[in-house]
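# Coordinate inspection notes
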Amino acid sequence: MALSITVNAERREISATPDTPLLYVLTNELKLTGPRFGCGLAQCGSCSVLVDGVERRACVTPVAAVAGRAITTLEGLPAWHAGQTGAKTPPAMHPLQQALIDEQALQCGYCYNGMIIKGAELLSKTPDPTDAQIRKAMNGHLCRCGTYPRIIKAIHRAARLMAGQRT
Amino acid sequence: MIAPTEMLLPRRDLLKLGGALLIAFPLIGRAADQSGPPDAKQIDTWLAIHSDNTATLYIGFVELGQGSSTGLAQVAAEELDLGMDQITVAPVDTQRSPNQGGTYSSAAIQRGRPQVALAAAEARAALMSLAAERLGAPVTQLRVERGRIAAEGSAATVTYGELLGNRPFSLPFSGQARTKPESQYRLVGHPVPRRDLPAKVLGVHRYIQHHRLPGMLHGRVVRPRGQAAYGAGARILSIDETSIRHLQGVRVLRRGDFLGVVAADEWLAVQAAQALRVIWEKPPALPGQEGLHAQMRAAKTDDRVALERGALDAGFRDAVHVRTQACLGPYQAHASFAPHCALADVKPDAAVVIASTQDVFGLRRSLAPLLGLAQEQIRVQYAEGAGTYGHSCYDDAAQAAALLSQLAGAPVRCQFMRWDEHGWDTYGPAHVGEVRAAVTAEGKLCAYEYHGWQHGWSLVETSAQLTGTAAAPWPASGPQGVNPLDAGGMYDIPNVKLVNHWLPALDYLRGAWLRSPLDLSFSFASEQVMDALAHAAGLDPLEFRRRNIRDARWLGVLDAVAKAADWTPRVVGPRSKSRGKVLHGRGLGLGTHLVSHGAAVADIEVDPATGRVRITQLWGAIDAGFIVNPANVESQIIGQLVQTASRMLLEEVTLDGGRVQSLDWSSYPILRFEDCPEVTPVIVQRPGERSTGAGEETMAAAAGAIANAFFDATGVRLDRYPMTPERVRKALHA
Ligand code: FES
Ligand code: FES
């Protein structure tokens, strides 16, 4: 029987078998370019998505396990953020995306899908995280280019941006 | 002669998200007439002016996430007096890009800047004479701003776009034009934001992993988990296709020992590659990483003196203090964050291959014999992947995609799995270094000797080797042996001898250049011996180095890093011996890769009870001549320092049991957020100097600084890295 999943607030019929990892469905059937393959082993965070607001590794999550749940990918993050803050129209970028550009944090940028998804999850739960909280929350996300220091700075900057938006 | 597809695209849309790197590829061009590279002696090969007053720059260097395409766009925009928003960089393609050689050794800016500046200056001169004619004024009275030309005392203007609009220059590139004096620069030497970042944070940037070809199949290679010795390859004894009978729609493809699967569905191909039961011939045993260095040291080697100056024995006779230091360096992996991926459409008489190679022309050369095609029948297009840090699996993946496409008779996208990437990498080679050096009573270096044991790089990629091409070492040349610049080269030493002891490459793992090739090992040994001599002479390590360096540029980076780190004179060694307490240490190091100068300071903590080392702060200073984009070089230094911390503390390819065992991020750990040091990049800007590489040079310096900080904390010299807790405990309790 055809499966359907809800991705970025849109219901999508899919033809993959139920055991197919969500990542392959998102990239090949739904043609999304946010989540991406890095290890396929839940070790790196390259494939991260939000499932009901919680970061999950799409590379090891069978698609059938997330039917009926709200899946948010990097593409849908600004709208998800708008939903969180009650804004009427989604911003062009989540504040963390803007902060990462402001800090010129990226090198190759391949790991940033996971960095942004995980960072956004953190900020949604902990609006003003300490350095230690950031390091702990982000520890499961690897960056081979070694851009961690500027990601930490950018998360602090995003927290300030978001505080500014609230007042 | 230039009719690139992107000229026909609406440029404004392309520029919206940040420009250069967003140009859509003509993914699969006609494969015929692929006689590139175009003639580098024509201006049109380098630049095109469009009717909307924008320009496209064609370069042969690829964007590896290091920001060099932004840097070269700055150079061209500077000479042409265009804004950064008016210039895009075309994707690299054997058919359309000038052949500037591979993007190696952080050379995109070093070799690219002069070429691009000259081409742009010559294009500007041509545009100015057209403008002079159009505006009826002599060239000397013309001014340009953002590609709009005005004559003094006249209101009339004309733009580059109006003068040339989409037509070629049709001019030879003489290389004789006068480039702008640096004093007039408004872009080069100033920080410019990376242009590829907005698309990357939005997730709409297309990495090679996102490319698709019409009608393509998904391919995966099937190999043993983890390579054996390079010379051993991998031999198939039998394949049991019934093991994947349950997976409908999979084809098993083979040429010699090259084996792969293809399927229309990617997940099916992934499952099949894992499920296919293959019996491989048992390879000859590897020494295992605990026995590795002893085997290297005892092996029959081909010994070559790399450098000899003065009289070494006499130098040591004059000495008051002599110190020695060894370095046992591990194999380390490139471990690109994204496993390599390539797409290929191989037809009987033509092929198109899309790859994230460092050298599109080099890849084309290696594909021709493999596919039985002439080079002119093969078009290679570059697409960006994740950072590679040297020669990793990109050409191997490209060969695999091409072979699978040829065997399947259909376009194929082949992506490596994590274990393919980690297990079949061309690793940064292991090293044994032994250094002996001496000082006079005045604390002046008088003799220096370095012996290095290592094997060269492997020339033949795994895919080609498995089809039957014999393994072969890279011809001995380049920076693969003892680097005279790192091995005492920054110091003023009258008597020097450097010797390479070449190991037979086929007996060891596959090897190639890994960011700052072997420099970390050289500096680990050499900078420790310098510190030990300073210590013996009772001198502050900074003062010791100052006394022994004459070169103003080495002194410049040394002073810059010392100032940034607020270095206070000290005699190194532990201040507290109390057991069970975390010890603090600070160290200094110098190093380089090829031309530029690097210096670093490290602050570390060592817990003697657990053996755990934490690098708390790193400062890295670079002098890379005149730096085109300081913002980008700062970012490069940050990456270098973090990667060095990772390589000094954690990274080691393990190879017990005949095969490589480190196949993923848990068996090959790298540094994570929680252990990431604070890092401070320091730039020594040198107006008027040639721009040189800036992607590697602080790494060797930081390796030396970290090793010296360890001694400062503990009073013990390590002769091996990574500094794993177990090794540290052993060293402290020896
Ligand atoms: S790809 Fe899913 S965690 Fe690495
Ligand atoms: S920026 Fe390259 S892996 Fe993180």
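Thresholds applied
Residues numbered from 1 in each chain as written. Chains lettered and ligands numbered in written order. Predicted model: local features only at pLDDT ≥ 70, side-chain atom pairs only at ≥ 80, totals over all residues. Heavy atoms only, no water. Axes fitted to C-alpha atoms, helices over the stretch in contact; angles between N-to-C directions. Helix = DSSP H or I, 4+ residues; strand = E, 2+ residues; numbered from the N terminus. Left-handed = near helix turned anticlockwise from the far one by under 90°. Contact = heavy atoms within 4.5 Å. Nonpolar A, V, L, I, M, F, W, Y, C, P; charged D, E, K, R; others polar. Parallel < 35°, antiparallel > 145°, perpendicular 65-115°, else oblique. Domains from an automatic or database assignment. Buried area = accessible area lost by both parts, 1.4 Å probe. Salt bridge = Lys/Arg side-chain N within 4 Å of Asp/Glu carboxyl O. Polar contact = N/O pair within 3.5 Å; in protein donor to acceptor, adjacent residues only side chain to side chain. Core = buried A, V, L, I, M, F, W, Y, C linked by side-chain atoms within 4.5 Å. Buried < 20%, exposed > 50% of the residue type's maximum accessible area, 1.4 Å probe, protein only. Pairing = 2+ DSSP bridges.

## With respect to the packing of helix H10 (residues 360-371) of chain B against helix H11 (residues 394-408) of chain B
Residue and element names in this part refer to chain B. Running from amino to carboxyl end, H10 crosses H11 at an angle of 30°, the nearest separation of the two axes being 11 Å. Relative to H11, the crossing made by H10 is right-handed. Contacts between H10 and H11 involve Leu363, Ser366, Leu367, Leu370 and Leu371 from the first element and Asp395, Ala398, Gln399, Ala402, Leu403 and Gln406 from the second. When grouped by side-chain class, the residues that make up the contact of H10 with H11 number 7 nonpolar, 3 polar and 1 charged.

## So, the packing of helix H17 (residues 630-649) of chain B against helix H18 (residues 697-714) of chain B
Residue and element names in this part refer to chain B. Direction vectors running N to C along H17 and H18 enclose 45°, while the axes themselves pass 9 Å from each other. In terms of orientation, H17 and H18 fall into the oblique class. Regarding H17 and H18, the two cross each other, and that crossing is right-handed. The segment H17 lies against H18, with Ile637, Gln640, Leu641, Gln643, Thr644, Ala645, Arg647 and Met648 engaging Glu697, Thr698, Met699, Ala702, Ala703 and Ile706. Across the contact of H17 with H18, the residue classes break down as 8 nonpolar, 4 polar and 2 charged.

## As for the domain arrangement of chain A
Residues and elements named next belong to chain A. Domain annotation of chain A identifies domain 1 (3-73) and domain 2 (76-162). Using C-alpha coordinates to define each centre, domain 1 is positioned 20 Å away from domain 2. Listed by partner, the interface residues are 19 residues for domain 1 and 13 residues for domain 2. Each partner contributes to the roughly 1,300 Å² buried at the junction of domain 1 and domain 2, and carbon and sulfur atoms together form 52% of this total. When the buried surface of domain 1 facing domain 2 is broken down by residue, Arg36, Leu50 and Glu55 rank first, second and third, together holding 34% of it. In this structure, the salt-bridge partner of Glu55 is Lys118, at a minimum N-O distance of 3.3 Å. Applying the counting rule to domain 1 against domain 2 returns 11 residue pairs in polar contact (both at pLDDT 80 or more).

## Regarding the domain arrangement of chain B
All names here are of chain B. Structurally, chain B comprises domain 1 (11-202), domain 2 (209-283 + 336-423) and domain 3 (292-332 + 427-733). Each of domain 2 and domain 3 was reduced to a C-alpha centroid, and the two centroids are 35 Å apart. The interface of domain 2 with domain 3 comprises 35 residues on the first partner and 32 residues on the second. For the pair domain 2 and domain 3, the summed buried area comes to about 2,800 Å², and 58% of that belongs to carbon and sulfur atoms. Looking only at domain 2, the three residues that lose the most surface to domain 3 are Gln227, Tyr230 and His422, adding up to 32% of its buried area.

## Examining the nonpolar core
Among the nonpolar cores identified, the biggest contains 172 residues, and Leu100(A), Tyr448(B) and Met723(B) are the most heavily contacted of them. Looking at this core element by element, the count peaks at 10 residues for H18(B). Among residues more than four places away in sequence, those in contact with Leu100(A) are Ala105(A), Leu106(A), Tyr112(A), Ile116(A), Ile151(A), Ala154(A) and Val201(B). Val62(B), Leu259(B), Leu268(B) and Ala400(B) belong to the second largest nonpolar core, which has 60 residues in total.

## Regarding the sheet that holds strand S7 (residues 217-221) of chain B
Residues and elements named next belong to chain B. Taken together, 7 strands build an open sheet; the order of strands is S9-S10-S7-S17-S14-S15-S16 and the sheet is mixed. Single-partner strands in this sheet number two, and they are strand S9 (251-255) and strand S16 (378-382). Along the sheet, successive strands turn relative to each other by an average axial angle of 25°, direction set aside. Sheet analysis places S7 next to strand S17 (residues 412-415), joined by 3 bridges and oriented parallel. Bridging across to S17, Leu217 finds its partner in Val412. Against the sheet, helix H7 (residues 266-275) touches S7, strand S10 (258-263) and S17, its axis set at about 20° to S7. Across the sheet, H10 is in contact with S9, strand S14 (341-347), strand S15 (350-355) and S16; its angle to S16 comes to roughly 140°.

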